[in-house]
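Remarks on the overall topology
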Amino acid sequence: MNFDTVHVLVVGDVMLDRYIVGSVGRISPEAPVPVLGVNKRWFAPGGAANVARNLVNLGAQATLVGLSGIDEAGDDLCRSLEQAGIEHRLISSGARSTTCKTRVLAQGQQLLRLDEERCMHPDADELDALRQAVFDTLPDCRAVILSDYGKGVLLENEQGESLCRAIIDEARRLGIAVLVDPKGTQWGRYAGAHCVTPNRQEFALACGRDEHVPLDRALRAELADRLRKRHAIERVLLTRGAKGMALFGPDAPPRYIRAAMREVADVSGAGDTVIATLGACIGSGLSWEESMDAANAAAGVAVGKMGTAPVSITELRQALRQGADNPKLYALPELLEKVEDWRRKNESIVFTNGCFDLLHPGHISLLRQSAAQGTHLVVGLNSDASVRRLKGPSRPVQNEQSRALLLSALHGVDAVVFFDEDTPLNLVTALRPDVLVKGSDYTVETVVGADVVLASGGRVYLADLVQGCSTTGIVRKIDASGGNSSSR
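Residues numbered from 1 in each chain as written. Predicted model: local features only at pLDDT ≥ 70, side-chain atom pairs only at ≥ 80, totals over all residues. Heavy atoms only, no water.

The following threshold applies: UniProt positions are given in the numbering used here, feature names are shortened, and annotations may be inferred rather than shown by experiment.
Under the annotation held in an unreviewed UniProt entry, the protein carries the name Bifunctional protein HldE and is attributed to Desulfovibrio falkowii. Recorded in UniProt under Subunit (unreviewed entry), the annotation for the protein is "Homodimer."

1. Points about the overall build of the protein
Here is the rule we go by: Think of it this way: any DSSP run of H or I at least four residues long counts as a helix, any run of E at least two long counts as a strand, and we number them from the N terminus. The buried label applies to any residue whose accessible area, calculated with a 1.4 Å probe on protein chains only, is under 20% of its type's maximum; exposed applies above 50%, and partly exposed to all values in between. Here a residue-residue contact requires only that any non-hydrogen atoms of the pair lie within 4.5 Å. A 1.4 Å probe and the Shrake-Rupley method give the accessible areas. Residues count as covered only by the protein chains that appear here. Only four residue types enter the charge count: Lys and Arg as positive, Asp and Glu as negative, with His and the chain ends excluded. Charge positions are represented by NZ for Lys, CZ for Arg, CG for Asp and CD for Glu.
Tallying secondary structure elements over the protein gives 16 helices and 18 strands in all. When the backbone C-alpha atoms are referred to their principal axes, the protein occupies close to 85 × 55 × 45 Å. Looking at the protein residue by residue over its 488 residues, the buried ones come to 49%. The long-range share in the protein, meaning contacts at least 24 apart out of those at least 6 apart in sequence, stands at 68%. Accessible surface, the protein as shown: approximately 22,700 Å² in total, 49% of it carbon and sulfur. Within the protein, one finds 54 positive and 60 negative side-chain charges whose respective centroids are separated by 6 Å.

2. Describing the side chain of D384
Mapping D384 onto the fold places it in helix α12 (residues 384-391). With near-sequence residues (within four places) excluded, D384 lies in contact with P396, Q398, N399, E400 and R403.

3. Considerations on the sheet that holds strand β3 (residues 34-47)
Here is the rule we go by: Two strands pair if DSSP finds at least two bridges between them. Lines fitted to C-alpha atoms define the axes, with helix axes restricted to the stretch in contact, and inter-axis angles between N-to-C directions lie between 0 and 180 degrees.
Read across the sheet, four strands follow the order β3-β2-β6-β7 without closing on themselves; strand pairing throughout is mixed. The two strands at the open ends of the sheet, each matched to only one other strand, are β3 and β7 (109-116). Neighbour-to-neighbour, the strand axes of this sheet turn through a mean angle of 20°, independent of strand direction. Pairing analysis gives seven bridges linking strand β6 (residues 100-106) to β7, with the strands arranged antiparallel. Paired with V104 across the two strands is L112, which belongs to β7. Running over the sheet, helix α2 (residues 72-83) touches β2 (14-27), β3 and β6 and is turned about 100° from β2.

4. Topic: the nonpolar core
One recurring pattern in soluble globular proteins is that nonpolar side chains are buried together. Our working rule: For the purposes of this section, nonpolar cores are sets of buried Ala, Val, Leu, Ile, Met, Phe, Trp, Tyr and Cys residues that join through side-chain atoms within 4.5 Å.
If you look at the biggest cluster of nonpolar residues, it comprises 50 residues, and the most contacted ones within it are F3, V10, L55, L64 and L179. Here the element with the most residues in this core is helix α8 (residues 288-302); it accounts for nine residues. When residues no more than four places from it in sequence are discounted, the contact partners of L64 are V10, V14, A48, A49, A52, L81, I86, E87, H88, R89 and L90. Within the second largest apolar cluster, 39 residues are counted, among which are L67, V196, L227 and V236.

5. What about the environment of I364?
Tracing the backbone through its elements, the reader meets I364 in helix α11 (residues 361-371). Put simply, I364 and L407 are 43 residues apart on the chain and 9.5 Å apart in space, counted from C-alpha to C-alpha.

6. Here we look at the packing of helix α7 (residues 270-283) against α8
We apply this condition: Put simply, a crossing is left-handed when the front helix is turned counterclockwise from the back one by less than a right angle, and right-handed when it is turned clockwise. Three classes are used: nonpolar for Ala, Val, Leu, Ile, Met, Phe, Trp, Tyr, Cys and Pro, charged for Asp, Glu, Lys and Arg, and polar for all others, with Gly counted as polar.
Where α7 meets α8, the closest approach of the two axes is 8 Å, and the angle between their N-to-C directions is 145°. Crossing angle aside, the handedness with which α7 passes α8 is right-handed. For the pair formed by α7 and α8, the contact residues are T273, V274, T277, L278, C281 and I282 on the first element and W288, S291, M292, A294, A295, A298, A299 and A302 on the second. Residues of the contact of α7 with α8, tallied by class, amount to eleven nonpolar, three polar and no charged.

7. Details of the pattern of salt bridges
So the rule is basically this: Any Lys or Arg side-chain nitrogen located within 4 Å of an Asp or Glu carboxyl oxygen qualifies as a salt bridge.
All told, the structure shown has 22 salt bridges when counted by the stated rule. Note that D115 and R113 form a salt bridge whose closest N and O atoms lie 2.8 Å from each other. The class of D115 is partly exposed, set by a relative accessible area of 36%. Put simply, D225 and R228 hold a salt bridge, and the shortest N to O gap is 2.8 Å. One end of the pair is D225 and the other is R228, both in helix α6 (residues 217-231) and three residues apart, which spans about a single turn. Classification of D225 by relative accessible area gives partly exposed; the value is 26%. Taken together, the shared-partner salt bridges connect R18, D76 and R79 into one network.

8. Description of the pairing of β6
β6 sits mainly inside the fold: seven of its seven residues count as buried. Burial along β6 is two-sided: C100, T102, V104 and A106 and K101, R103 and L105, pointing in opposite directions, are all buried. Across seven bridges, the pairing between β2 and β6 is parallel. Across the sheet, residue I20 finds its bridge partner in β6, namely V104. Counting the residues that bridge the hairpin from β6 to β7 gives two residues, and of these Q107 lies at a positive phi of roughly 50°.

9. Some remarks on unusual backbone geometry
Notably, N346 is not glycine yet its phi reads approximately 65°, a positive angle. In this fold, N346 is placed in the loop between α10 (332-344) and β14 (349-354). According to the relative accessible area criterion, N346 is exposed, its value standing at 74%. Non-glycine residue R432 carries a positive phi angle of around 45°. Among the structural elements, R432 can be located in the loop between α14 (425-431) and β17 (435-439).

What follows is the structure in structure tokens.
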């Protein structure tokens, strides 16, 4: 998963998030309120600006368009955007103030939130400037996110003109996906969007229902379908907090996934993380289902942080591995990051490889001896295509995912990585392990990659073999018995 080439346009209500953090040790004698001893203060991009910050932290390029006031909060917002590496085209207006939310925290909890804002739609000049900034940027983007907090940027003006409608129409003309984080009940302005991402409260409000009245799956699907058809929206991704997410679309039954289980510290900004991750994934060409899984994993990370903290690409990759059936299976770029992390802790890397088609005592012995040579054992696993070239069209007996899952279940195996080539030379060259292990039927001179490891100051270890153990022998016995395991 890599978003380096993905450029996403974010348009919406920008804010400045201020934080005042301290400790409470007593109640004021002047009134029954806690007294906060302030320890530190900071500020960060909020609202649509936090969506852009999440995109940049995921490794994508983000351009932010919105309105800000000519005030101290506006100056702080621009400074925080520049520090975060976010390209922005904010339109400054003397007629409005920059929306600012100040959160007061103590002992890991919010005590109070102060909101400073003026909610007003753009005037004619502001709308023209916003439209021009969007249309200049849109052709270079893979996706556009409309972050609607109901503060004005995406609302209709007195003449019935809407920046929201203009963006969706132009994006669809250019074939660019449009994702919307909605607000309020007037979803008509989102008509033509590829996906709208309400939370439970926003969904209930848009459907004209009480959010506290539970819905069964059939009724929820029916309501989502009505929303989609009434407002010409292709998909609704409903975020359900601790209950996970549900995706409603035109070509498939509803898809539900459970929330990534995390200890919740603060849900602030979790919706921004969801739509940013979704936009980056869709912009990179992933399916809606894959993008939904990634967004769910990212939300799980976000709620474990205090404040509106963004999720990094490393955190997302780790969360996806932890939520997958096989958290020890790595793609090479992710494995290189992990290996580098181990090395920073002065931990040694051991590498061995093979097909490991039908695990037998010989495999177990090799892996145990390998694990004993250092701190972390990485196993290079021949892909299915590689095995077929080496062993013939009837192999492997088990596919690569099954073989990787079995290896990962073994104590001592810390990481598994596939390779498609006939030999693991490229893997060894990339990883440069401290110890390279092969069976004693090899010599140091015939071990692939030995020269690379030795030149890097590592060593080669030749493991003892268990006689009479081979996958090929097991397959022959099965073939000789006609596949009947009771035959002898």
